[in-house]
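# Observations on the three-dimensional arrangement
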Protein chains: 2
Amino acid sequence: MIRRVCIVGCGAIGSLYAAHLARVAEVYAFVRRREHAQALQRDGIRVTGIDAFHSQIRATSDASELPPCDFAIVATKATQAAAALSACGHRFDGGAVLSAQNGLGGEEIIARHTRAYVLRGTTFMSGTRHSDTHVQYELDTATWMGPFEPTDTPFETVAEAAELINRAGLKAEALRDARPAQWAKVIFNSSVNAVAALTELPHCPAFADERSFSSLGHLLHALIEEGKSVAAAAGVALHEDPWKMNCLGARTNHPPSMLSDIRNRATTEVDFLGGAIAREAARLGMAAPLHTALYRLIKGKEASWSFDQENQHADEAEHRLHATNH
Amino acid sequence: MIRRVCIVGCGAIGSLYAAHLARVAEVYAFVRRREHAQALQRDGIRVTGIDAFHSQIRATSDASELPPCDFAIVATKATQAAAALSACGHRFDGGAVLSAQNGLGGEEIIARHTRAYVLRGTTFMSGTRHSDTHVQYELDTATWMGPFEPTDTPFETVAEAAELINRAGLKAEALRDARPAQWAKVIFNSSVNAVAALTELPHCPAFADERSFSSLGHLLHALIEEGKSVAAAAGVALHEDPWKMNCLGARTNHPPSMLSDIRNRATTEVDFLGGAIAREAARLGMAAPLHTALYRLIKGKEASWSFDQENQHADEAEHRLHATNH
């Protein structure tokens with residue numbers, strides 16, 4: 001019986017879980033910034049968009065203030081999960097923890113920091129975060145969830161958590177095997193995010209255009225086919241066709257999270273997206289040249305930000321005039 | 001007998017040719033900007049660096065002011081060659097025209113616009129352009145030149161042009177087949193330029209680093225191997241090892257021209273570098289997935305500049321806060 005829930009990370013997705021679950025359980029938010037915790041504790045969370053309501057919750061940035069919880073949802077950026085869980089993971093011992101992070105590898109990080117049953121999760125819902133305490137709910141698509149194999153999570157635990165999320169007014173589906181949904185999303189996500197990060201284009205019609213030799217749609221198609229071949233070698237039959245997901249998303253002009261990261265010079269989630277596919281392929285002894293190439297380019301792009309700082313003496317004006325033959 | 005020479009395009013490389021050749025022939029520069037022509041006509045060209053001298057030359061941006069020339073060197077950016085040659089190409093009819101542009105495909109463009117013998121050229125010299133009339137000479141490496149096959153250029157014509165360039169104080173080598181030098185440089189150049197353009201790193205030690213899975217050196221190595229396999233399929237045995245060229249260049253922290261273009265939002269030469277390798281592979285019926293992928297990313301990056309302008313209504317502040325789960 002789930003009575004107390006902890007939401008780890010309150011971005012757009014975490015805020016949607018926290019506000020909804022507060023209707024059916026006692027909800028704590030565990031967040032990184034102290035001001036964020038104070039604002040949540042004081043003002044709660046306001047939801048607008050396809051639903052409109054307000055929830056009061058408890059919130060802290062200090063794990064010692066967090067009571068034991070029966071159930072947690074990890075909704076941090078994948079890059080921040082290890083830091084968050086190493087602080088609060090023990091509060092979930094004996095309970096269950098759902099990963100709602102992007103990509104592959106999040107469940108492994110969670111399992112390293114808690115003695116709880118871990119649940120694989122993939123969420124297709126979306127929202128826009130307008131402030132620390134205001135989230136706009138956009139797509140009410142489901143969270144797909146299933147057992148994380150290494151913790152031998154019972155299916156009943158998955159079903160109970162899914163039932164709670166549904167009762168809270170969100171959509172969740174308990175699956176015996178959540179990998180087909182997770183892999184479909186990670187293939188879609190890693191392909192679209194990597195191309196957006198490197199071109200600085202949002203997810204726009206060019207991503208599905210295959211009319212000429214230089215068209216980006218050819219590259220997206222090849223990335224997705226390569227990802228599917230890695231999934232097949234890993235024994236995962238996909239839940240949805242990532243190419244169809246790409247063609248739908250390409251109509252939205254939505255800036256993927258990795259593009260926002262690049263614009264803000266913030267470390268991207270590439271290690272959990274294309275990097276995870278590349279490493280999985282290497283582990284399986286197969287080639288994934290495109291995901292591997294784009295992974296290395298994005299790591300190089302991240303490195304360029306500190307290169308600039310370390311080489312401040314480089315004269316920008318000279319760079320502009322410098323024109324040798326290579 | 002070469003008496004009158006035209007240098008088409010006076011960037012760093014064109015300026016070095018013009019200033020040196022003015023010692024042994026009558027030199028005209030044909031340039032795009034009127035102010036540039038006026039400055040050259042008035043002040044000539046000052047060379048500093050590993051050599052130091054001044055040359056007076058003639059210059060114009062109006063092809064009707066250009067007399068017939070026995071010999072021309074095309075040193076524009078590859079992207080500007082068609083516009084330049086369509087204006088001035090007929091002034092070289094019956095003479096010889098050397099391509100000193102980056103990449104592949106420049107000779108074909110020249111041949112389309114003149115009834116001259118065309119010469120394949122690849123220059124390894126380098127300089128920094130400090131102003132319209134001042135160039136710093138840096139590397140005095142040779143220009144490799146040979147016949148362009150479709151115009152049946154006699155070897156004697158190549159030898160005469162090389163002799164003139166040598167007499168002017170530069171280094172040139174006449175070859176029966178200039179493709180091995182041209183392909184070695186284009187493989188090096190397309191690999192290094194594409195990675196620099198997409199990561200925004202200059203040609204730095206990371207380009208030769210292969211210590212970890214995410215290291216960029218692996219990508220450079222794979223790009224170069226792929227380029228070599230396309231050259232082999234095209235029947236070209238390389239003149240130098242592009243990987244060794246990369247390892248040497250990676251010590252310089254030099255910003256490749258395509259990185260400067262990206263910084264200035266100027267159309268890059270990618271169609272003549274990675275794009276040319278990708279198309280050549282497609283023509284030969286073979287795969288060149290990495291050069292093709294990076295080519296499409298760079299075309300996408302160029303497209304992003306006009307996408308931004310067409311979508312000015314997009315609220316940057318909202319982008320920063322927008323954090324959905326993909």
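Small disclaimer: the values here were computed from a predicted structure and weren't measured.

What follows covers the confidence of the model for chain A. Residue and element names in this part refer to chain A. For chain A, per-residue confidence averages 94 on the pLDDT scale, and 95% of positions sit at 70 or higher. With pLDDT under 50 throughout, residues 313–325 is counted as low confidence; its partners more than four residues away or in other chains account for 25 contacts. Taken together, the chains of this predicted complex give a pTM of 0.90 and an interface ipTM of 0.89.

All right, on to the nonpolar core then. The biggest cluster of nonpolar side chains holds 94 residues, and the ones touching the most others in it are A:Val195, A:Phe207, B:Val195 and B:Phe207. Setting aside chain neighbours within four positions, we find B:Val195 in contact with A:Leu297, B:Glu200, B:Phe207, B:Leu216, B:Leu219, B:Leu220, B:Leu223 and B:Leu294. Within the second largest apolar cluster, 42 residues are counted, among which are B:Ile7, B:Phe155, B:Ala168 and B:Leu170.

Turning next to empty space enclosed by the protein. Following the criterion strictly, the structure yields three cavities of 30 Å³ or more and no others. Lining the largest cavity are eleven residues, with A:Gln101, A:Asn102, A:Gly103, A:Thr122 and A:Lys185 positioned closest to its centre. Where the lining of the largest cavity is concerned, the elements lending two or more residues are strand S8 (117–123) and helix H6 (179–199) of chain A. Among the elements that take part in the lining of the largest cavity, H6(A) stands out by supplying four residues, more than any other. Class assignment for the residues of the lining of the largest cavity results in one nonpolar, nine polar and one charged. Within this model, the second largest cavity holds a volume of roughly 60 Å³. Forming the walls of the second largest cavity are eleven residues, and the residues nearest its centre are B:Gln101, B:Asn102, B:Gly103, B:Thr122 and B:Lys185. When contributions to the lining of the second largest cavity are tallied by element, the ones reaching two or more residues are strand S8 (117–123) and helix H6 (179–199) of chain B. It is H6(B) that provides the largest number of residues to the lining of the second largest cavity, a total of four residues.

A few words on the packing of H6(B) against helix H8 (residues 242–249) of chain B. Residue and element names in this part refer to chain B. At a closest axis distance of 9 Å, the pairing of H6 and H8 adopts a crossing angle of 50 degrees. Considered as vectors, H6 and H8 are oriented oblique to each other. Here H6 runs over H8; the crossing is right-handed. Each of Ala 184, Lys 185, Ile 187, Phe 188 and Val 192 in H6 lies in contact with H8, whose residues at this interface are Pro 242, Met 245 and Asn 246.

So, on to the relation of the copies chain A and chain B. It takes a turn of 180 degrees to lay chain A on chain B, together with a shift of 0.0 Å along the axis; the resulting RMSD is 0.0 Å. Interpreted geometrically, this transformation is the action of a two-fold axis. The position closest to the rotation axis in chain A is occupied by the C-alpha of A:Leu198, lying 3.0 Å away. Residue by residue, 100% of the interface of chain A is reproduced at the interface of chain B, so both copies engage with the same surface.

What follows covers the state of the cysteines. In this structure the tally under the stated criterion is zero disulfides over all chains. Left without a disulfide partner, A:Cys204 is nearest to the cysteine sulfur of A:Cys247, which lies 13 Å away. Here A:Cys204 falls in the buried class, since its relative accessible area comes to 3%. Distance from the sulfur of B:Cys6, which forms no disulfide, to the nearest cysteine sulfur (B:Cys69) is 4.9 Å. Among the residues examined, B:Cys6 registers a relative accessible area of 0% and is labelled buried.

To continue, consider the interface of chain A and chain B. On the side of chain B, 66 residues touch chain A, which itself brings 64 residues to the contact. Across the chain A/chain B interface, buried area totals approximately 5400 Å², and carbon plus sulfur atoms make up 61% of it. At the boundary of chain A and chain B, one finds two salt bridges. Between A:Glu200 and B:Lys301 there is a salt bridge, with its nearest N and O atoms 3.2 Å apart. Where chain A touches chain B, the interface holds six residue pairs in polar contact (both at pLDDT 80 or more).

On to the sheet that holds strand S10 (residues 134–139) of chain A. Residues and elements named next belong to chain A. The strand order S4-S3-S10-S9 describes an open sheet built from four strands, whose pairing is mixed. Strands at the two margins of the open sheet, each flanked by one partner only, are strand S4 (53–55) and strand S9 (126–131). Strand-to-strand twist of the sheet, defined as the mean angle between neighbouring strand axes without regard to direction, takes the value 25 degrees. Along the sheet face, helix H1 (residues 12–21) touches strand S3 (45–49), S4, S9 and S10 and points at about 95 degrees away from the line of S9.

This brings us to the pairing of strand S2 (residues 26–30) of chain B. All names here are of chain B. Along S2, four of the five residues are buried, which leaves the element largely enclosed by surrounding structure. Of the strand pairs in this sheet, strand S1 (residues 4–8) and S2 are connected by five bridges, and their pairing is parallel. Residue Cys 6 lies in a different strand from S2, and its bridge partner there is Tyr 28. Chirality of the crossover, the property in question, places the unit of S1, helix H1 (residues 12–21) and S2 among those that are right-handed. Note: S2 against strand S5 (residues 58–60), three bridges, orientation parallel. Its bridge partner lying in S5, Phe 30 is registered against Thr 60.

Here is what the cut-offs are and how they apply
- Residues numbered from 1 in each chain as written.
- Chains lettered and ligands numbered in written order.
- Predicted model: local features only at pLDDT ≥ 70, side-chain atom pairs only at ≥ 80, totals over all residues.
- Heavy atoms only, no water.
- pLDDT = per-residue confidence, 0-100.
- Contact = heavy atoms within 4.5 Å.
- Core = buried A, V, L, I, M, F, W, Y, C linked by side-chain atoms within 4.5 Å.
- Buried < 20%, exposed > 50% of the residue type's maximum accessible area, 1.4 Å probe, protein only.
- 1 Å grid on protein atoms, 1.4 Å probe; cavity = no way out; pocket = protein on both sides within 12 Å on 5 of 7 lines; lining within 4 Å.
- Points joined across faces, edges and corners; volume = space filled by probe spheres on them.
- Helix = DSSP H or I, 4+ residues; strand = E, 2+ residues; numbered from the N terminus.
- Nonpolar A, V, L, I, M, F, W, Y, C, P; charged D, E, K, R; others polar.
- Axes fitted to C-alpha atoms, helices over the stretch in contact; angles between N-to-C directions.
- Parallel < 35°, antiparallel > 145°, perpendicular 65-115°, else oblique.
- Left-handed = near helix turned anticlockwise from the far one by under 90°.
- Least-squares fit on C-alpha atoms with pLDDT ≥ 70 in both.
- Disulfide = S-S within 2.5 Å.
- Buried area = accessible area lost by both parts, 1.4 Å probe.
- Salt bridge = Lys/Arg side-chain N within 4 Å of Asp/Glu carboxyl O.
- Polar contact = N/O pair within 3.5 Å; in protein donor to acceptor, adjacent residues only side chain to side chain.
- Pairing = 2+ DSSP bridges.
- Right-handed = clockwise from strand over helix to strand, strands pointing away.

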